[in-house]
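Fold and geometry: a report
Here's the letter readout for the chains.
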Amino acid sequence: MLLVVLEHDRGALAEAAREALAFGRSLAEKMDEDLQAALIGSDDGALVAEAGDYGAEVVHTCVHEVLSDYGPDAHGAVLAQMVAELEPSAVLACGSDRGNEVMAQAAARLDAPFAANCVDVTPGSPWTMTRVQWGGSLLEDSSLEAEVALLTCGLHAVAAQPGDSVDADTEAFEADLDESHRVTVVKDRTVQEAGVTLPTAPVVCGGGRGVGSAEGFAQLEELAELLGGRVGCSRAVTNLGWRPHSDQVGQTGTRIAPEIYIASGISGAIQHWVGAMASKHILAINTDREANMVVKADWAVIADLHEVIPAIIAEVRNRKG
Amino acid sequence: MRILCCVKRVPAPGAKINVTADGSDVDAAHLGFTTSPHEECGVEGAVQLREQHGGEVTVLTVGPPEAAEQLRYAASVGADHGVLIPGDGAWDPQRTAAVIGEAIDVLESEAKELFDLILFGNESADSGGFQVGVRVAHSLRRPIVNGIKGIEVSGDGSGTGTVTARRAIDGGFEVYELPRPCVLGVKEGLNLPRYPTMKGRLRSKKLEIRSLDIDAAQGGQRRIRLHRPPEQVSETVILGDGPDAAVAVVDVLEELGVL
């Protein structure tokens, strides 16, 4: 059996969970074994049904007062207990912040190896996998010698497509948890921004060193707002103090996946590219025809962004009436 | 307060990274090396906490002799002590974690005091295993939270008390409160690391680097080979070379349905 971890936030299924289910469905097929899922901290029938839409036959749910909100210790402990009791051949989560954290917690408890951010997995003895290194600029083929293969799939490695829909059964899992597991449960939350955020924005207007100054981002802000999107930036820009780190797109920033990424004045160094490459379409605005971002883009305008962006803003306003 | 920050020497981010002909490793011939970016912020965070509350900052790395450069760099921005465990940055995560866990035991028993706070990078920039910090924390039976971009300590940060840690989530922050001693996996964005001063550079040259010979058994994960992903080739359509291109650009936006 392949056990897929269903990431959720206070009962709302995460896109990462759908990606893990889609990746898991094809992996379970390769293994010629059942696809089942683990839902830790919720037993919501709607989530169970959605897992069924992706082919999960059984969803093991675990509800406990310590699981009132996310906590790496508690979630890792439950997952490790599920592995010990249900004896899956492999466990898969999505390589999101929480997915990698919970899997590492379970791996530490089980003293088992864990391969993070796989893009391709072949079951066997040993298991072999191709995994993301350097944030995606290199791949590593590796092998995993273990009784249970603990894996995460790279974020955005697959599209979150439902398939092989079944009516999933719910099985309640009794976890052995106590107050000590509450040690790292989320204590409080601060919501900084409502509405569309960088990881989920349909349009991202990115700016690099070519924007020239912090003030230069006002035009990108205006365009992003008109298009219902968000502003992003390169690492050079955050290092210069022009934008907060939360706007950074890249290996050490946010991985975006918009319908279109409009990259202005960004050369497209590998560290930035790996955060942008899951974009469905890319439009580059740059004075350098040979810039990496231009070469990799679907469309490009070879010109000074300070002239082009205001013209785009005017044209958008014009058509919106 | 006693803080330990674990760092890794990695090729500078942004560089094009080549692989040796047999795929066994990264071709280091033309690469500049640096501290993995999350951990550079970890060192800065540790130094800031010491500046506020007093105490000392120790920086530890597992790596080749050249990794002493990263320890000296940390000293140039304010770290007090450097510990180098001779080893290979390509060791598997279980082996690396076992070695670091044992090194921490050695350092704490010698000092007869625990580290109040241990910092790791959320993941190394190169191998990206996302687990060494968690494994070490588990072996020390201390709590850990990853993805941290804000740290505050209760009291003067020493002995019993708490560490309040902020983690960025989509559109906001989660707040965790951990009892000391504890461990955090930090991310770039925790702060903007300072540049070394001339005085700092001079001080770093005098840093006495402690070498600790520790090894551990290999874990279950093994590298077979490294390779480059296929280059994403795109037939870039040039929409224009000036403001006139705006019409074509907005046509594209309309076609994609984002207008």
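Conventions adopted
- Just so you know, the residues in each chain are numbered from 1, in the order the chain's sequence is written.
- Whichever chain is written first is A, and whichever ligand is written first is 1; the rest continue in order.
- Note on the predicted model: pLDDT of at least 70 is required for a residue's local features to be given, and 80 or more for side-chain atom pairs to be given and counted; whole-chain, interface and lining totals, by contrast, use all residues.
- Note that water and hydrogens are dropped before the side-chain values are worked out from all heavy atoms of the structure.
- Helix numbering and strand numbering both begin at the N terminus, where a helix is a DSSP run of H or I of at least 4 residues and a strand a DSSP run of E of at least 2.
- Buried, partly exposed and exposed residues are distinguished by accessible area as a fraction of the type maximum, computed with a 1.4 Å probe on protein chains only: under 20%, between the cut-offs, and over 50%, respectively.
- Any two residues having at least one pair of non-hydrogen atoms within 4.5 Å are treated as being in contact.
- The Shrake-Rupley method, run with a 1.4 Å probe sphere, supplies the accessible areas, and residue values consider only the shown protein chains as cover.
- For two strands to pair, DSSP has to find at least two bridges joining them.
- Throughout, nonpolar core names a set of buried Ala, Val, Leu, Ile, Met, Phe, Trp, Tyr and Cys residues whose side chains join them through atoms within 4.5 Å.
- A helix's residues, less one, multiplied by 1.5 Å, set its expected span.
- All axes here are fitted lines through C-alpha atoms, helices being fitted over the stretch that makes contact, and every angle between N-to-C directions spans 0 to 180 degrees.
- Convention used here: angles under 35 degrees read as roughly parallel, angles over 145 as roughly antiparallel, angles from 65 to 115 as roughly perpendicular, and any remaining angle as oblique.
- Here a crossing is taken to be left-handed if its near helix is turned anticlockwise relative to the far helix by less than a right angle, and right-handed if that turn runs clockwise.

1. Regarding the overall build of chain B
- From N to C terminus, chain B includes 6 helices and 13 strands.
- Oriented by its inertia axes, the alpha-carbon framework of chain B measures out at about 70 × 45 × 40 Å.
- Split into buried and exposed, the 259 residues of chain B put 55% on the buried side.
- In chain B, the proportion of contacts linking residues at least 24 apart, taken out of those at least 6 apart, comes to 71%.
- With an accessible surface of roughly 11200 Å², chain B has 50% of that area assigned to carbon and sulfur atoms.

2. Observations concerning the pairing of strand 9 (residues 172-179) of chain B
- Of all 8 residues in strand 9 of chain B, 6 are buried, a share of seventy percent or more.
- Examined bridge by bridge, strand 12 (residues 188-191) of chain A and strand 9 of chain B share 4 bridges and lie antiparallel to one another. Residue Asp188(A) lies in a different strand from strand 9 of chain B, and its bridge partner there is Val175(B).
- Bridge count between strand 8 (residues 162-169) of chain B and strand 9 of chain B: 8 bridges; the pairing is antiparallel. When the sheet's bridge partners are listed, Ala165(B) is paired in strand 9 of chain B with Tyr176(B).
- Between the antiparallel neighbours strand 8 of chain B and strand 9 of chain B lie 2 residues, among them Gly171(B) with a positive phi of about 85°.

3. Some details on the nonpolar core
- In terms of nonpolar packing, the biggest core is built from 92 residues, with Leu79(A), Val91(A), Leu60(B), Leu117(B), Leu119(B), Ile151(B) and Leu184(B) touching the most fellow members.
- In terms of residues, this core owes the most to one element, helix 3 (residues 72-86) of chain A, which gives 7 residues.
- In this view, Val91(A) contacts Leu2(A), Leu3(A), Val5(A), Leu79(A), Val83(A), Met103(A), Val148(A), Ala149(A), Leu150(A) and Leu151(A); residues no more than four positions away in its chain are not counted.
- Counting 36 residues, the second largest nonpolar core, distinct from the first, contains Cys233(A), Ile260(A), Ala303(A) and Leu253(B).

4. Some points on helix 3 of chain A
Residues and elements named next belong to chain A.
- Counted at 1.5 Å a residue, the expected span for helix 3 with its 15 residues is 21 Å, and the 21 Å between its end C-alpha atoms agrees.
- With respect to burial, helix 3 is a largely interior element, 11 of its 15 residues being buried.
- Restricting attention to buried positions, one finds in helix 3 the residues Pro72, Asp73, Ala74, His75, Gly76, Ala77, Val78, Leu79, Ala80, Met82 and Val83.
- At the exit of helix 3 stands glutamate 87, carrying a positive phi of roughly 50°.

5. Topic: the sheet that holds strand 7 (residues 114-122) of chain A
- Read from one edge of the open sheet, 10 strands run 11(A)-5(A)-4(A)-1(A)-6(A)-10(A)-7(A)-8(A)-9(A)-12(B), paired in mixed fashion. Each edge of the sheet is formed by a strand with only one pairing partner; in this case those strands are strand 11 (169-172) of chain A together with strand 12 (221-227) of chain B. Averaged over all adjacent pairs, the angle separating strand axes in this sheet is 35°, with direction ignored.
- In this structure, strand 7 of chain A lies alongside strand 10 (residues 149-153) of chain A, joined through 3 bridges in parallel fashion. Each residue of the ladder has a partner; that of Phe114(A), found in strand 10 of chain A, is Leu150(A).
- Against the sheet, helix 2 (residues 45-53) of chain A touches strand 4 (35-40), strand 5 (58-62) and strand 11 of chain A, its axis set at about 150° to strand 5 of chain A.

6. Some thoughts on the packing of helix 9 (residues 305-320) of chain A against helix 6 (residues 246-255) of chain B
- Contact geometry of helix 9 of chain A with helix 6 of chain B gives a least axis separation of 9 Å together with a crossing angle of 55°. Taken as axis vectors, helix 9 of chain A and helix 6 of chain B run oblique relative to one another. Here the hand of the crossing between helix 9 of chain A and helix 6 of chain B comes out right-handed. Note on element contacts: helix 6 of chain B touches helix 9 of chain A through Ala246(B), Val247(B), Val249(B), Val250(B), Asp251(B), Leu253(B) and Glu254(B), opposite Ala311(A), Ile312(A), Glu315(A), Val316(A) and Arg319(A).

7. Focus on unusual backbone geometry
- Note that the residue after Ser125(A), namely Pro126(A), is joined by a cis bond; omega there is 0°.
- Mapped onto the elements, Pro126(A) comes out in the loop between strand 7 and strand 8 (127-133).
- Cis geometry marks the peptide bond from Arg180(B) to Pro181(B); its omega dihedral reads -5°.
- Counting through the fold element by element, Pro181(B) comes out in the loop between strand 9 and strand 10 (182-186).
- With a phi angle near 50°, Glu87(A) is a residue other than glycine that sits in the positive phi range.
- Inspection of the secondary structure puts Glu87(A) in the loop between helix 3 and strand 6 (90-94).
- Residues other than glycine seldom take positive phi values, yet Asp111(A) does so here, at roughly 50°.
- Assignment of secondary structure puts Asp111(A) in the loop between helix 4 (97-110) and strand 7.

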